[in-house]
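# Notes for the structure review
Spelled out, the chains give:
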Amino acid sequence: MNKMTTIPLVSVTVITYNSEEYILETLESVKNQIYSRIELIISDDCSRDNTIKICNEWVHLNRDRFEDTKVITSTVNTG
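As the structure is a prediction and not an experimental result, all values here were calculated from the model.

## Quick word on the sheet that holds strand β1 (residues 10-16)
The parallel open sheet is built from three strands, whose spatial order is β1-β2-β3. Edge positions in the open sheet fall to β1 and β3 (68-73), since each of these has one partner strand only. Each neighbouring strand pair of the sheet contributes to a mean axis angle of 15°, computed without reference to strand direction. In this sheet, β3 lies alongside strand β2 (residues 38-44) in parallel orientation, the contact comprising six bridges. Bridge pairing in β3 places Ser 43 opposite Ile 72. Along the sheet, helix α2 (residues 23-31) makes contact with β1 and β2, crossing β1 at roughly 175°.

Next comes the structure, spelled out in structure tokens:
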């Protein structure tokens, strides 16, 4: 049996809203986990600052660390 199929996939969801000041620290913390099979999902609630830009750039540079990455954005703030 393939080792990768015996280790469960863990999904880490990061919820953001105007988080440009802290988002890199959060994403680096997820990246630095020793668990090997991580799917990273970032969901943003229509930030008005640079949160999405920072997330997209970071994901582009670090996507190889994760099984999958998604950045989901909302066009309106849903509260």
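## Re α2
A turn of α-helix holds 3.6 residues, and therefore any two residues three or four places apart point the same way. Inspection of α2 places Ile 23, Leu 27 and Val 30 among the buried residues, and these make up the whole buried set. Buried residues of α2, viewed axially, fall in a sector of 55°; they line one side.

Calculation rules
- Residues numbered from 1 in each chain as written.
- Predicted model: local features only at pLDDT ≥ 70, side-chain atom pairs only at ≥ 80, totals over all residues.
- Heavy atoms only, no water.
- Pairing = 2+ DSSP bridges.
- Helix = DSSP H or I, 4+ residues; strand = E, 2+ residues; numbered from the N terminus.
- Axes fitted to C-alpha atoms, helices over the stretch in contact; angles between N-to-C directions.
- Contact = heavy atoms within 4.5 Å.
- Buried < 20%, exposed > 50% of the residue type's maximum accessible area, 1.4 Å probe, protein only.
- Arc of directions from axis to C-beta.

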